[in-house]
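Reading the structure
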Amino acid sequence: KARTGIVRINYRNSTFLQTMQTFFAGYRTYTSIINCTFSNNPKKTASHGGLYLTVVGYNTSTITVQDCLFEKQVNDDVVQSVMNIFMAALTLRSKVQNEKIKNSNVTVVIENCNFDDNERGLTFIGPFQHVTVSKCTFTKNIAMHAAAGILFLTHRETNTSINDCTFNNNAAGAYRKEKVKDKE
């Protein structure tokens, strides 16, 4: 039985403070996140925030994140920071229900975004058809584990392109020595 339907998620000119926006969409999904700010004050929150998108990659889906700011998305607790294997200020996950499928029909475009002072800037998980990151800046992001700027946990069939991006003072293997809330 064929499943049909189109899901459209559109956020424009919005600000998200002290929150984690989580979306799960299946089948044909068209997501636009444009000119949004995802900001966090680590002294006032107990969680890693930002945007977490999961798409089931059966049919053609497109995710566009453009002209957005992701800043100060960190865990307040050192232990939680060390345990963070893959979460980022922006985490994109493509899932397939059938293990034989090695690629999906999910295309992602991240353009003209700033990732500043996060516990990892950007993560891709799962099979994608195309991933393009262009004209983005990654500044002062940290990660105890691999990839403070961008972490790719994708299949080798994923067509990936990174163009005209700037990476400045990002540090994998870095962590805070005390809780963020304890700082003055």
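Here the residue index of a chain counts from 1 through its sequence in written order. Local features in a predicted model are, by the rule used here, given only for residues with pLDDT of at least 70; side-chain atom pairs are given and counted only at 80 or more, and totals for whole chains, interfaces and linings are based on all residues. Remark: hydrogens and water are excluded; side-chain values derive from all non-hydrogen atoms of the structure.

To qualify as a helix, a DSSP run of H or I must reach at least 4 residues; to qualify as a strand, a run of E must reach at least 2; elements of each kind are numbered from the N terminus. Regarding its fold elements, the chain presents one helix and 19 strands. Working definition: with a 1.4 Å probe on protein chains only, accessible area under 20% of the residue-type maximum means buried, over 50% means exposed, and in between means partly exposed. Across the 184 residues of the chain, 42% fall into the buried class. Note that accessible areas follow from Shrake-Rupley with a 1.4 Å probe, and for residues the cover is restricted to the protein chains shown. Accessible surface, the chain: about 9,300 Å² in total, of which carbon and sulfur atoms supply 47%.

Each Phe, Tyr or Trp ring (for Trp, its six-membered ring) is paired with any other whose centre lies within 6.5 Å, and the angle between the two planes then decides the class: stacked below 30 degrees, edge-to-face above 60, tilted in between. Per the counting criterion, the structure on display carries eight aromatic pairs. With centroids separated by 4.7 Å and ring planes inclined at 0 degrees, the aromatic side chains of Phe115 and Phe138 adopt a geometry described as stacked. Of the two residues, Phe115 is situated in strand β11 (residues 114–116) and Phe138 in strand β14 (residues 137–139); the sequence distance between them amounts to 23 residues. Note on accessibility: Phe115 and Phe138 belong to one class, buried. These aromatic residues form a ring-pair network of at least three members: Tyr11, Phe16, Phe38, Phe70, Phe115, Phe138 and Phe167.

Let us now look at the sheet that holds strand β12 (residues 122–125). In any sheet, the strands associate via hydrogen bonds between backbone groups, in a parallel or an antiparallel arrangement. In this scheme, strands are said to pair when DSSP sees at least two bridges between them. Strand order in the open sheet made by the five strands is β3-β6-β9-β12-β16, with parallel pairing throughout. The strands lining the two open edges of the sheet, one partner per strand, are β3 (20–25) and β16 (150–153). Averaged over all adjacent pairs, the angle separating strand axes in this sheet is 5 degrees, with direction ignored. In terms of strand pairing, β12 meets β16 through four bridges, oriented parallel. Looking across to β16, one finds that Ile125 is bridged to Leu153. Here an angle of 0 to 180 degrees is reported between the N-to-C directions of two axes, which are lines fitted to C-alpha atoms, with helices fitted over the stretch in contact.

This paragraph deals with the confidence of the model for the chain. Mean pLDDT over the chain works out to 82, with 77% of the residues at or above the 70 mark. Scored below 50 in pLDDT, residues 178–184 makes 18 contacts in the model with residues more than four places away or belonging to other chains. Per-residue confidence from the predictor is reported as pLDDT, a score between 0 and 100. In this description, contact between two residues means that some pair of their heavy atoms is separated by no more than 4.5 Å.

With that settled, the discussion passes to the environment of Phe24. Checked against the element boundaries, Phe24 lands in strand β3. Note on Phe24: relative accessible area 55%, which makes it exposed. Put simply, Phe24 and Thr54 are 30 residues apart on the chain and 4.8 Å apart in space, counted from C-alpha to C-alpha. Contact partners of Phe24, with chain neighbours within four places excluded, come to Thr54, Val56 and Lys95.

All right, on to the environment of Arg8 then. With respect to the helices and strands, the residue Arg8 is situated in strand β1 (residues 6–12). A C-alpha to C-alpha distance of 5.8 Å links Arg8 and Thr29, two positions 21 residues apart in sequence.

Another aspect to go through is the sheet that holds strand β8 (residues 69–71). Across the sheet, six strands lie side by side as β2-β5-β8-β11-β14-β18; this open sheet has parallel pairing. Each end of this open sheet is capped by a strand with a single partner; those strands are β2 (15–17) and β18 (166–168). For this sheet the average axis-to-axis angle between neighbouring strands, irrespective of direction, equals 5 degrees.

Let us now look at the side chain of Thr31. Following the sequence through the fold, Thr31 ends up in strand β4 (residues 28–34). With relative accessibility at 2%, the residue Thr31 sits in the buried group. In contact with Thr31, other than residues within four places in its own chain, are Ile9, Leu53, Thr62, Ile63 and Thr64.

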